[in-house]
Amino acid sequence: YNADWQHLDVWTKLLQTIVMAFVGTLFAGVVAFPLAFLAARNITRSRILNQINKRFFDFLRSVDMLIWALFFTRAFGPGPLAGMSAIFFTDTGTLGKLYAEALENIDDKQREGVRSVGASPASVQRFGVLPQVLPVFASQALYFWESNTRSATIIGAVGAGGIGLKLWEAMRTNQDWENVAYMVILILAVVFLFDGISNALRSRLMGGQKR
């Protein structure tokens, strides 16, 4: 509760930023997962469904996250909800595209093997497709979670909440530069920590896939 350094408020805003990045990325991955199956040409044979979903992904990712943040700040008001929505929209488009491309590059021999024993279409996807792509999906989601920890700080400065907004308020006074330095150091520490965790998890996932 220190009046000068405002530790409680700073750490609360930092936690908001971390949660904002996590929840936005999590929801994006959950929504992008089924849509990617509809967008992949070798999984869904309907060209119309393929194109609708791919153009939907293009629309979501063509608008920068900062623009989405400004839009949702006007829609919901300043706060973490606007930041989570901006991350969710942008990452749904990007992850959906990456997931669909991963599905289109799978080895069809595994699918044919499962299908040859009389498995249902759902079982073909479950045992012939998912084991090939799940490590890739998880690795990509982890990378975006780590990246969004940085992005959430930037979009926070435009009113999306978190430590980015707190940092911008401290910079606007043009006096509290020691507080600015304090928050920048905290942000760097969190980014370095999350980068290490993400790299370690992705290495384990991809290493497991290679084995």
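Predicted model only: the values in this text are computed from it and were never measured. (Residues numbered from 1 in each chain as written. Predicted model: local features only at pLDDT ≥ 70, side-chain atom pairs only at ≥ 80, totals over all residues. Heavy atoms only, no water.)

**Q** Looking at this structure, how should I read the overall build of the chain?
**A** Of the regular secondary structure elements, the chain holds eight helices and zero strands. Walking the chain from its N terminus toward its C terminus, one meets helices and strands in the order α-α-α-α-α-α-α-α. In terms of overall dimensions, the chain has C-alpha extents of about 70 × 35 × 20 Å along its principal axes. By the burial criterion, 44% of the 211 residues in the chain qualify as buried. Contacts in the chain between residues far apart in sequence, at least 24 positions, make up 74% of those at least 6 positions apart. Carbon and sulfur atoms form 66% of the exposed surface of the chain, whose accessible area is close to 11,400 Å². Between the mean site of the 20 positive side-chain charges and the mean site of the 15 negative ones, the chain shows a separation of 11 Å. (Helix = DSSP H or I, 4+ residues; strand = E, 2+ residues; numbered from the N terminus. Buried < 20%, exposed > 50% of the residue type's maximum accessible area, 1.4 Å probe, protein only. Contact = heavy atoms within 4.5 Å. Areas by Shrake-Rupley, 256 points an atom, 1.4 Å probe, with all protein chains shown as cover. Lys, Arg positive; Asp, Glu negative; His and termini not counted. Charge placed at Lys NZ, Arg CZ, Asp CG, Glu CD.)

**Q** It is not clear to me how the packing of helix H2 (residues 47-62) against helix H4 (residues 80-104) should be interpreted in this structure. Could you clarify?
**A** Packed helices, taken two at a time, are described by the angle their axes make and the gap between the axes. Contact pair H2 / H4: the axes reach a minimum separation of 7 Å and the direction vectors enclose 140°. In terms of axis orientation, H2 runs oblique to H4. Every pair of crossing elements has a handedness; the one defined by H2 and H4 is left-handed. Along its contact with H2, which presents Lys54, Phe57, Leu60 and Arg61, the element H4 presents Phe89, Thr90, Thr92, Gly93, Thr94, Gly96, Lys97 and Glu104. Its residues assigned to classes, the contact of H2 with H4 shows three nonpolar, five polar and four charged. (Axes fitted to C-alpha atoms, helices over the stretch in contact; angles between N-to-C directions. Parallel < 35°, antiparallel > 145°, perpendicular 65-115°, else oblique. Left-handed = near helix turned anticlockwise from the far one by under 90°. Nonpolar A, V, L, I, M, F, W, Y, C, P; charged D, E, K, R; others polar.)

**Q** Any chance you could explain helix H5 (residues 108-116) here in plain terms?
**A** Because the α-helix completes a turn every 3.6 residues, residues three or four places apart line up on one side. Of the residues flanking the start of H5, the one acting as N-cap is aspartate 107, its side-chain oxygen 3.1 Å from the backbone nitrogen of lysine 109. Just beyond H5, the residue with positive phi is glycine 118, at close to 85°. (Polar contact = N/O pair within 3.5 Å; in protein donor to acceptor, adjacent residues only side chain to side chain.)

**Q** What's the story with helix H3 (residues 65-76) in this structure? I'm lost.
**A** Its twelve residues place the ends of H3 16 Å apart at the C-alpha level, agreeing with the 16 Å of an ideal helix rising 1.5 Å per residue. Turning to H3, its buried residues number three or more, namely Met65, Trp68, Ala69, Phe72 and Thr73. Around the axis of H3, the buried residues are gathered within 135° of arc, so they sit on the same side. On its buried face, H3 sits against H2, H4 and helix H6 (121-160). Between a side-chain oxygen at the N-terminus of H3 and the backbone nitrogen of leucine 66 the separation is 2.9 Å; the capping residue is aspartate 64. Of the residues flanking the end of H3, it is glycine 77, one or two places downstream, whose phi is positive at about 90°. (Expected span 1.5 Å × (residues − 1). Arc of directions from axis to C-beta.)

**Q** In this structure, what is going on with the packing of aromatic side chains? I would like to understand it.
**A** For any pair of aromatic rings, the description rests on two quantities: the centre-to-centre distance and the angle between the ring planes. Applying the stated criterion to the full structure yields 15 aromatic pairs. Relative to tryptophan 68, the ring of phenylalanine 59 lies with its centre 6.0 Å away and its plane at 90°, an arrangement referred to as edge-to-face. Using a relative accessible area of 45% as the deciding quantity, one classes phenylalanine 59 as partly exposed. Overall, tryptophan 68 belongs to the buried group, its relative accessible area being 8%. Judged by centre distance (5.8 Å) and plane angle (25°), the ring pair of tryptophan 68 and phenylalanine 72 falls under stacked. Taken together, the positions of tryptophan 68 and phenylalanine 72, both in helix H3 and four residues apart, correspond to about one turn of that helix. Through a chain of ring-to-ring contacts, three or more aromatic side chains come together here, namely Phe59, Trp68, Phe71, Phe72, Phe76, Phe88 and Phe89. (Phe/Tyr/Trp six-rings, centres within 6.5 Å; stacked < 30°, edge-to-face > 60°.)

**Q** Teacher, can you tell me more about a nonpolar patch on the surface here?
**A** Residues Phe22, Leu26, Phe27 and Val30 make up a contiguous nonpolar surface patch of roughly 390 Å² in combined accessible area. As for its position among the elements, phenylalanine 22 is in helix H1 (residues 7-39). (Patch = residues over 30% accessible without salt bridge, like charges linked within 9 Å, V, L, I, M, F, W, Y side chains within 5 Å. Salt bridge = Lys/Arg side-chain N within 4 Å of Asp/Glu carboxyl O.)

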